[in-house]
Amino acid sequence: MRSTLKGKALIAAMAAACMISLPAVAADLKIGFKSDITSADPHVLSGANRNLWAHIYEGLVEQDENLRPKPALAVSWNTLDQTTWEFKLRPNVTFHNGATLTADDVKYSIDRAIALKGPRTFRTYLKGIESVTVAGPLTIRIKTIGPQPNLADNLSLIAIIPKSLGTDVPEESFAKGATAIGTGPYKFGTWEHGQRVTFTRNANYWGTKEPWDNVIFQILPRDPARASALLAGTVDLIDGATSKVADSFGQGSKFEMASTTSYMLNYIQLDHFRDNSPYIKSNTGAPLPKNPLRDTKVRQAIMHAINRDGIIKFLMKGDGEAANQYVPKSFFGYDPALKLPAFDLQKAKSLLAEAGYADGFKMTMHCTNDRYVNDAKMCEAVAQSLNQIGLKVDLSTMPYSVFIGRATKGDNGASEFSFFMVGTGAVTGDSLQPLSSVSHTVDAKSGFGANNYGQYSNKEVDSLIEKAAITLDEKARADLQRAAAQKALLDGAIIPLIHVKASWAFKKGLTITPRSDGFTHAMNIRETSAK
């Protein structure tokens, strides 16, 4: 008996010793990611690039889940005068190579982002900067060409990297990790083109320490492939989890869903500038004497004819939210008092009759069939609604690669099309961006109207947008932007349809804080027990 007890004690001791000597199991997070990345250089503009490289690099300012600015590498900022901003840097921040962050690094990074050549850079967001000056080891001053109220928002997009990297850092150096040096919560691991990107935890991070030892983004562009990977357990979470993907999980699923309204707006652009629009004809097929879309009553009739709530309920389900302005509720410049003309077929018919089109007219609607969630089906629903008020709408859909050239090929970016669906997004969480690019008169010199493919022009709207663009007082600026949105939308500058939802699916035991930019950050993902 004694011998048996001794034997059991010995076995228990040996087991305990083995347990002590075993290394802790690594906390890895595996993510199925929809979009491939195009560059490892953090100053090359791409949504997918920004999503992934945010694990490594940080800006002076960070965007919260509603895309509003909050302190990051800068602890505070303020305006010294109408054209001078001062940013105070966070002390004792170190880069991944051990170097301490200083104002010299910030100046170097912003200057580099402005000077970088190529078709996809952040120059558009930095074009108002005249100079960047080091005013102390932890103080940076930025002089702007004119008042720039959204400078802090724009700087949230710019990664800060060490000045020691020097000039002409090659893409290959970033891609292999040699110069992929930031201050973020994770360090560069590997990038296998078209397959996966890995990060390792930064143990010396200045902020909240991350629970994940390794984060692996597996590139899976196809929805079924991402869903299958989650079902098989090869990934823990996937992005782009539309309602169709969710349906594949079945009843009693071991998975959960999360979503939020994103910055992406799908809307109808109209031909405001041609007297004879190419894809609008009389009911007999003959040219009309004038373009009916230039008549406010016709545009308002179209707005009354579109049942946004019906599109959401029967088509989009959980993948969208009915839109009645440029930005969703949580964004700067949203106006809770602004409502578009309500769905009312009789009112729509009356307005058409008042405009002289009681019998309607023929029109072609152009749309993509591979760009947005249910894009072709959404356009089909719009066409059917317009048919109910006497407009004979033919639908022409095509791949985005074909569509975008035709939609923007004319002078000053004017469209070949007469009536077409496109998308835009307030990536800084501010309505000034879509107002300026979509509904201001096209002005190549100032950059206003860069995406105004229908060539809408209204002097009152222009004046409100231009005043907002130089107003530093936030309340006054919000009022100006709301006034501009109301005037433009009730005039039918564009016709908003939906704000697309960003969505995720993940195994039970995890939780995610959804972001309005649809980005998937490991910093927003936690085990449930850790919450």
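Treat the numbers as computed from the prediction; the structure is a model and nothing was measured.

Conventions and cut-offs
Residues numbered from 1 in each chain as written. Predicted model: local features only at pLDDT ≥ 70, side-chain atom pairs only at ≥ 80, totals over all residues. Heavy atoms only, no water. Helix = DSSP H or I, 4+ residues; strand = E, 2+ residues; numbered from the N terminus. Polar contact = N/O pair within 3.5 Å; in protein donor to acceptor, adjacent residues only side chain to side chain. Contact = heavy atoms within 4.5 Å. Core = buried A, V, L, I, M, F, W, Y, C linked by side-chain atoms within 4.5 Å. Buried < 20%, exposed > 50% of the residue type's maximum accessible area, 1.4 Å probe, protein only. Pairing = 2+ DSSP bridges. Axes fitted to C-alpha atoms, helices over the stretch in contact; angles between N-to-C directions.

Asker: Talk me through the side chain of T183; I want residue IDs and the actual numbers.
Answerer: By the secondary structure assignment, T183 is in the loop between α6 (171-175) and β8 (186-192). Within the structure, the side chain of T183 is placed 2.7 Å from the side chain of E58, a separation counted as a polar contact. Look past the residues within four positions of T183 in its chain and what remains in contact with it is I56, E58, L73, V93, T94, F95, H96, N202, Y205 and W206.

Asker: Summarise the environment of F332; cite the residues concerned and give the values.
Answerer: Structurally, F332 is set in the loop between β14 (320-322) and α11 (345-354). Distance in space between the C-alpha atoms of F332 and K445 is 26 Å, their sequence separation being 113 residues. Leaving out residues up to four positions away in the same chain, F332 has contacts with R68, V327, G429, D430, S431, E474, R477, A478 and Q481.

Asker: If you had to explain the nonpolar core to someone new, which residues and values would you point to?
Answerer: Among the nonpolar cores identified, the biggest contains 141 residues, and F87, L386 and F419 are the most heavily contacted of them. Top element by residues in this core is strand β18 (residues 494-507). It accounts for eight residues. F87 has contacts with L60, V61, A74, S76, W77, L138, T139, I140, I142, L151 and L155, leaving out every residue within four places of it along the chain. L230, V235, A241 and V245 belong to the second largest nonpolar core, which has eleven residues in total.

Asker: Requested: an account of the sheet that holds strand β7 (residues 139-144), with residues and values cited.
Answerer: Ordered by their spatial adjacency, four strands build an open sheet running β4-β5-β7-β6, and the pairing between neighbours is antiparallel. Strands with a single pairing partner mark the edges of an open sheet, and in this sheet they are β4 (74-81) and β6 (129-136). Within this sheet the neighbouring strands show an average axis-to-axis angle of 20°, counted without direction. Two elements, strand β5 (residues 84-89) and β7, share five bridges in a ladder whose sense is antiparallel. The residue of β7 that forms the bridge with E86 is R141. Packing against the sheet, helix α3 (residues 103-115) makes contact with β5, β6 and β7, and its axis sits at approximately 170° to β6.

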